Amino acid sequence: MNEQITRLPAVVIAVVAAGLLSVTLVADVPAAEARINGLSGATTFNFTAKADHLSTGEGSVLLFWGIANGNGRAQYTAPTLILNQGDSVTIALTNELPVATSLVFPGQTHVSASGGTAGLLTREAAANGGTVTYTFLADHPGTYLYHSGTNPEIQVDMGLVGAIIVRPTGFDPLNPTAYGPPDTAYDNEVLYLMTEMDPRLHALVESQGVAALESTDYLSNPEPNYWFLNGRNAPDTMAGDGVAYLPVQPYSCMPMMHPGDKLLMRNIGGGKDLHPFHTHGNHFRLFAKDGRLLRTSDAAPISDLATYEYTHKAIPGETFDFIFEWTGEQLGWDIYGTGPGFHHTCTPDASGFDLVTKEYCPDHGKPIPVQLPPDFEVAIGSHWGGSPYLGHTAQMPPGAAGLNPMGGFTYMWHSHQERDMVNNDVFPGGMMTMLMVVAPGTHIH
Amino acid sequence: MRYPITLRVAGSLLLAGSALALTTSAAHAADFYLVARGFDATLPDGAVVPMWGFAECDATFTSCGPTTSPGPTLRVPPGEPSPVVLNLHVRNELAVPTSAYIPDQLAALSPVKFTDAMGRARVRSLTAETPAGGDGLYTWPDLRPGTYLYHSGTHPQVQVQMGLLGVLVYDAAPGVAYPGVPYDAEALLVYSEIDPALHAAVADGTYGTPAYPSTFDYKPTYFLVNGAPYTPGTPPLSVGEPGDRVLLRLVNAALGHRAPQLLGGYLSLVAEEGHPLAFPGERYGTFLGAGTTQDAIFVAGAEGVYPIYDRMGSLTTNNVSGGGSYAFLSVAHNALVNVTPAPLSGSPAAGRPSAPQQDLTPGTPDPAGLDAPADRGAFGCGAAETGGAGGLALMIALALGALVGVRRRGGWRRS
Amino acid sequence: MNRMLRTAALMLVPALALLPSASASASVFVQCPGDTDGDAIIDHPDPDHPHAKCMHLAAGDGYAWMADGSELYVFGFHDVTGVPPEHVMMAGMLAGQVPAPTITLDEGDELYLTVTNVGMVVRSDLNDPHTVHFHGFPNAASVFDGVPDASLAVNMMSSYTYYYHVVVPGTFMYHCHVEATEHMQMGMLGNLYVRPRQNRLPDGTDLNGFTHHTGNKYVFNDGDGSTRYDVEFPIQLGSFDAYFHVMDETFQPPPFAALHDDYALINGRGYPDTVNPNPLPPSATTGRVSQQTSSLITVDQGQRLLLRISNLNVTRFYTVRTSGLPLLVVGIDAKPLRGPTGVTEYYTTHSLTTGGGQAIDAIIDTTGVPKGTYFLYTSNLNYLSNSQEDFGGMMTEIIVQ
Ligand SMILES: [Cu+2]
Ligand SMILES: [Cu+2]
């Protein structure tokens, strides 16, 4: 789980996700920064590129090349840099890989490289111990990425790619915005760094070295068969940050929110493939691309060229920022249930929503219009809480996984190129996670 | 020192003198003469691949430039009142029918169909065929300004891949790509790719047999920019000075997608498929679907070499890294213009004079003659401009044009 | 809702060894206000649900023709609206349609969509449930979202009724979400679109200077007539991997890692079957017609032609383009292409690149377009093939007459 803390009082405290039981007790907390896990508070980084092995969603092991912060293990994806607008950033890279490597910073316009040797795209650190230093000025807020600039068709697939987040000037963790303008404000944020790996490439590099690729067509005709969100395949995407069984894949990718929350999604095309990223539950508002707001002019007070999509074309190397919201508006039935045991009130504000529950009051008190089949006529999903109503659960027959004890509404967020939803030959997996919308007052951890 | 505008107009009139085919007196016509023929291309790794390409010729097809892929960049002189009629005269020296087709320009088509074994009519040519050994004329009655891909519309899944493709450029006005989109310098980046197995199968007649049944089996291994895979040591494209508005004409003639990514700066996307975009926005990368074109403005803040490379990974040449779809844009004060590497071309046609790398117009100091391509093409306004000399100048211009991927700022903006 | 029927499936299983054995306890169960006999036809409109629409889909398997003359085993939906419940199993079995039956709705409708799982007859070993995912439905509730992990999926011989209060116009799609990679590759995908309230304005209504007339059709409630069209065609891009289908048909595990689609399709057909105006012939295996949807586009010169383009393939992005006809893109993913403050962002192009799950609304104004035949085709030109046969694949024709 991301360390996402809401401004709502914590009530329900147990979260079970993807078979990972994590029970945390949290007292009422003041508002706190909703955040993405990464390296924050620093502007100088000592990175080492080195090899390690990662775990795939179905339990295989792949060689990868990653970035280690300091003397740690390499990680996939590379450390997420969380910077502040105006930071002068220095990254000293030591290369322990058997080939030269480098880093490029698309969208950063004051990049300079020193040391090392000249490469095609930037200066490179030589194999087996070479060093190079990069500096740049993070002068624009937004979502960016960095990745290998040395044979990226190999080294990005091998794992050398990471995210950069630049907080805007005046960033207030209690009232965060992505870029500063009010329409970029959010309650929770989540990173979607989308990548893929061709396991043939990794196996060959491990067994015979990079040069052996030249006698294959793996680079001209890639066959990726692992697809990742933040360096993990489903179902591991839904495990918490830093879980012990994924020592080199620290980053979770499981969003949670309440009705009416604004969820900021930072979407990065980190790999070489296009992916259509589909959000079940609602449209999202796409308001920035490549770290720049979509607006008619720099003077526009908001992103007036934002558009709404239900599936986003994630483009290799590019970044996109979205805001996702969900309220259940106009579903035509009361999402909190009707009748005995479901009593609740709805006091509409000017736009028709209850201030606290975010219920759409015109639907208040309307019963769900159809009967659900009896249990024996259906297959019960692992994230089904037993009730169609938000915040409610019901008794389920033995065998139901019951990964939704809060009675949240669960939505699959995934690449709609469904081929990306497998781990090699095993379905389901890949580029998939679940959004859980939980009832107001339910603590999000 | 650049051409003053008067010289440029004079230059185009001089070239117009070689035009033979002209339309009605009311319309302004641009005529180009293309021959489709085969050639063997030698790729940087030494592989020799049978290709088909276009060469540009004079109006009688007696002298032609080199056969290349991409074919000659056809530049329709800007600034004439609309409608401007485009005539592409095609001579087919291939053994199969072919055609010229511009997917982003509207014209009535005369598709050619055949009846298959199941009795169904199906198209084999999106537009009228020029038979093997024959001549054809393709006309677009009202040309829109912009950057366009032209290619064969006949069995396109094979003929485009074989190399029958090129770029058409028609600016709204001199130095103005689209209304409201001026530029100081430009670079043309044409992406294409080659599956040598397909080419070999077409060449030896086994295409369509179990040896290579169809493009279902298509697997490109060479990824080209302006007709050549990147090779180390290739000089960057010189695109002007810091602060210049550099127009990048991005053309994807490949069957696969590309995602050109610029390092060190941002682009504004000013047009897609020849249609100006109201909101260019800012981005450092763009997505270029198969067979599509975009125009982007790049303004470099400082001198330097700016890489633009395919983020989708077509960065190999016959599976060797460090090649493929890399390009580099050089921005420097007092930049001299570089010539891009020649596109894939074969031996010159017999009897064709070689093209001297020299000034086209007396008195012009442009070191590489690079302003010349803007004036290429036989252009006539009304019947009064038929006839005249200028064939040699045209021929030289054609030959030069085939070599040029980058054009220096318009002289009409500075003198 | 008190008139809803719960009818036991009283199928007489014919002497076809193919058929799965019936479960005595399950049932076909249509929920439709105003339907008195369980066939999903509203017999007496329910005054509490004046905008109710009902549809009954059978989910099962079948066969579909590829344009090179081969037949592929598919999973699919079949429209059994109007079929008495006792006949639904027989009507739905081996009748899966490619693409799934088109669902057309009006903004404000209440859709009661019943899905009955009639089983996969050929795959008698498979007990897969099915769902409907109304792809793009705004503010969806998970109970009607069709994701099996997050809700319930209906088992063989049983029915599940989805309820949708339809308040957003535009181009959507629907598909089964069970074993999504497999069931979608196998064909359980369809077109779904919602016509806007603006179509029903009184004659003469002023829309910011544009005068609405009865019969005018719009893509969205645009407020200015800018999305008006005369004729519309659903263009669902898709593709199949024959090897995957054969493996599924022959009881092999689905070969996910080897997925490589070799039939590129529009509305479930490859060219030239795309331009066949009629349903394709009955399956050689089952004798049932499964491909109803032509993509031959005919338009009178001067008309505005709406293409509702959706992509439901599961393996790659396709670029589709017109031969010269300009596409005015007015909507993406069932939203008008307008910013939050109303800035119109329509743009003109000739090509659209989409991946699975994306939709685009584009209008071709044929004013001044010479009469004749034009093409809508993929410029990933290598997919102009029906497997190993050229001159096919993802292409159709636009006839301006
Ligand atoms: Cu299904
Ligand atoms: Cu979907």
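Residue indices begin from 1 for each chain and proceed along its sequence in written order. The lettering of chains begins at A and the numbering of ligands begins at 1, in the order of writing. Note on the predicted model: pLDDT of at least 70 is required for a residue's local features to be given, and 80 or more for side-chain atom pairs to be given and counted; whole-chain, interface and lining totals, by contrast, use all residues. Side-chain numbers come from the whole structure's heavy atoms, not from hydrogens or water.

A. View of the layout of surface pockets. Put simply, the largest pocket is a space of about 1400 Å³. For the largest pocket, the lining is made up of 47 residues, of which Lys289 and Leu294 of chain A together with Leu269, Phe279 and Arg283 of chain B are closest to its centre. Secondary structure follows DSSP: runs of H or I at least 4 residues long count as helices, runs of E at least 2 residues long count as strands, and numbering of each begins at the N terminus. Contributions of two or more residues to the lining of the largest pocket are made by strand E19 (284-289), strand E20 (292-293), strand E21 (307-309) and strand E22 (311-314) of chain A, strand E18 (267-272) of chain B together with strand E23 (347-349) and strand E24 (351-354) of chain C. Here the lining of the largest pocket is composed, by residue class, of 21 nonpolar, 16 polar and ten charged. Grid spacing is 1 Å over the protein atoms alone, the probe is 1.4 Å, and a cavity is where that probe fits but cannot get out, while a pocket is an open set with protein on both sides within 12 Å along at least five of seven lines and lining residues have an atom within 4 Å of a point. Ser220, Asn221 and Pro222 of chain A together with Arg316 and Tyr383 of chain C are the residues nearest the centre of the second largest pocket, which is lined by 38 residues in total. For this scheme, ten residues count as nonpolar: Ala, Val, Leu, Ile, Met, Phe, Trp, Tyr, Cys and Pro. Four count as charged, namely Asp, Glu, Lys and Arg, and the remainder, Gly too, count as polar. Tallied by class, the residues present in the lining of the second largest pocket amount to 15 nonpolar, twelve polar and eleven charged. Grid points are joined across faces, edges and corners, and a volume is the space filled by probe spheres set on the points.

B. Highlighting the interface of chain A and chain C. We call two residues contacting when some pair of their heavy atoms lies within 4.5 Å. Opposite the 63 residues of chain A that make contact, chain C presents 75 residues. Buried area is calculated as the accessible area (1.4 Å probe) missing from two parts once they are joined, with the contributions of both summed. Surface buried jointly by chain A and chain C totals about 5500 Å² across both partners, of which 59% is contributed by carbon and sulfur atoms. In the sections that follow, a salt bridge refers to a side-chain nitrogen of Lys or Arg positioned within 4 Å of a carboxyl oxygen of Asp or Glu. Taken together, the links from chain A to chain C amount to zero salt bridges. By the criterion applied in these results, polar contacts are pairs of N or O atoms within 3.5 Å in which, for protein atoms, one can donate a hydrogen and the other can accept it, and in which residues neighboring in sequence qualify only through two side-chain atoms. Summed over the shared surface of chain A and chain C, the result is 39 residue pairs in polar contact (both at pLDDT 80 or more). When residues of the side of chain A that touches chain C are traced back to their parent elements, those giving at least two are strand E18 (275-279), E21, E22, strand E24 (378-380) and strand E25 (409-415) of chain A. The element that contributes the greatest number of residues to the side of chain A that touches chain C is E25 of chain A, accounting for five residues.

C. Quick peek at the state of the cysteines. Any cysteine sulfur atom paired with another within 2.5 Å is treated as part of a disulfide. Within the structure shown, the criterion is met by three disulfides over all chains. Here Cys57 of chain B connects covalently by a disulfide to Cys64 of chain B, the sulfurs 2.0 Å from one another. Across the S-S bond linking Cys57 of chain B and Cys64 of chain B, the dihedral sits near 105 degrees, which makes this disulfide right-handed. Covalent S-S linkage joins Cys32 of chain C and Cys54 of chain C, the inter-sulfur distance amounting to 2.0 Å. Handedness here is read from the sign of the S-S torsion; for Cys32 of chain C and Cys54 of chain C, about 90 degrees, the answer is right-handed. Highlighted residues: Cys32 of chain C in the loop between strand E2 (27-28) and strand E3 (52-65) and Cys54 of chain C in strand E3, separated in sequence by 22 residues. Here Cys32 of chain C and Cys54 of chain C have matching classes, each one buried. Under the scheme applied here, a residue whose accessible area is under 20% of the maximum for its type counts as buried, over 50% as exposed, and between as partly exposed, the area being computed with a 1.4 Å probe on protein chains only.

D. Examining helix H2 (residues 199-208) of chain A more closely. Along H2 of chain A, the residues that are buried comprise Pro199, Leu201, His202, Leu204 and Val205 of chain A. Immediately downstream of H2 of chain A, the backbone of Gly209 of chain A shows phi near 95 degrees, a positive value.

E. Representation of helix H1 (residues 85-92) of chain C in the model. Those residues of H1 of chain C that fall on the buried side of the exposure criterion are Pro85, Val88, Met89, Ala91 and Gly92 of chain C. In the stretch just after H1 of chain C, Leu94 of chain C is the one whose phi turns positive, near 55 degrees.

F. Expanded view of the pairing of strand E5 (residues 84-92) of chain B. Residues and elements named next belong to chain B. Across the nine residues of E5, eight count as buried, placing the element largely inside the fold. Pairing geometry for strand E1 (residues 28-42) and E5, over nine bridges, is parallel. Directly across from Tyr33, in E5, lies its bridge partner His89. Pairing between strands requires that DSSP locate at least two bridges from one strand to the other. For E5 and strand E8 (residues 135-140), the ladder comprises six bridges, and the chain directions are antiparallel. Bridge pairing links His89 to Leu137 in E8.

G. Main features of the coordination of the copper ion (ligand 1). Residue and element names in this part refer to chain C. Because no water is among the atoms considered, metal sites can look incomplete, with donors defined as N, O and S atoms within 2.8 Å of the metal, or 3.2 Å for Na, K and Ca. Coordination of the copper ion (ligand 1) by the protein is provided by His130 (ND1), Cys176 (SG) and His183 (ND1), with metal-donor distances spanning 2.0 to 2.2 Å. In the primary structure, the donors to the copper ion (ligand 1) are separated according to the pattern H-x45-C-x6-H. On the criterion of sequence distance, the pair formed by His130 in the loop between strand E6 (110-119) and strand E7 (133-135) and Cys176 in the loop between strand E10 (170-175) and helix H2 (180-185) is long-range, its members being 46 residues apart. We classify His130 as buried; its relative accessible area is 0%.

H. Here's a closer look at the coordination of the copper ion (ligand 2). Here the copper ion (ligand 2) is held by the protein donor atoms His416 of chain A (NE2), His135 of chain C (ND1) and His175 of chain C (NE2), which lie 1.9 to 2.0 Å from it. Pair noted here: His135 of chain C is in strand E7 and His175 of chain C is in strand E10, with a separation of 40 residues, a long-range link. Just as His135 of chain C is buried, His175 of chain C falls in that class too.

I. Just the interface of chain C and chain B, in detail. Between chain C and chain B, the contact holds 47 residues from the first and 46 residues from the second. Each partner contributes to the roughly 3500 Å² buried at the junction of chain C and chain B, and carbon and sulfur atoms together form 58% of this total. In this structure, Arg122 of chain B engages Glu389 of chain C in a salt bridge whose closest nitrogen and oxygen atoms are separated by 2.7 Å. Linking chain C with chain B are 28 residue pairs in polar contact (both at pLDDT 80 or more). Mapped onto the side of chain C that touches chain B, the elements with two or more residues apiece are strand E20 (318-322), E23, E24, strand E26 (372-378), strand E27 (385-386), strand E28 (389-390) and strand E29 (395-400) of chain C. Of the residues contributing to the side of chain C that touches chain B, the split by class is 18 nonpolar, 21 polar and eight charged.

J. Examining the pattern of salt bridges more closely. Tallied over the full model, the rule gives 34 salt bridges over all chains. Residue Glu232 of chain C pairs with Arg308 of chain C through a salt bridge whose shortest N-O separation is 2.7 Å. Residue Glu232 of chain C is located in strand E16 (residues 231-240), and its partner Arg308 of chain C is located in strand E19 (residues 304-311); the two are separated by 76 residues in the primary sequence. In the salt-bridge network here, residues are joined through shared partners; they are Asp116, Arg120 and Arg122 of chain B together with Asp273 and Glu389 of chain C.

K. Molecular detail of the sheet that holds strand E21 (residues 304-310) of chain B. Residue and element names in this part refer to chain B. Reading across from one edge, E15-E24-E21-E17 is the order of the four strands in this open sheet, with mixed pairing throughout. The sheet is open, and its two edges are formed by strand E15 (237-238) and strand E17 (260-262), each paired on a single side. Here E17 runs beside E21; their pairing, made up of three bridges, is antiparallel. When the sheet's bridge partners are listed, Pro260 is paired in E21 with Asp310.

L. Examining the nonpolar core more closely. As used here, the term nonpolar core means buried Ala, Val, Leu, Ile, Met, Phe, Trp, Tyr and Cys residues forming a set that is joined through side-chain atoms within 4.5 Å. Counting residues in hydrophobic clusters, the biggest one holds 129 residues, and the most contacted among them are Trp326 and Trp333 of chain A together with Phe77, Phe144 and Tyr164 of chain C. Take this core: its biggest share by element is seven residues, from E3 of chain C. The contact partners of Phe144 of chain C, leaving out residues within four places of it in the chain, are Trp333, Ile368, Val370 and Leu372 of chain A together with Val132, Tyr160, Thr161, Tyr162, Tyr163 and Tyr164 of chain C.

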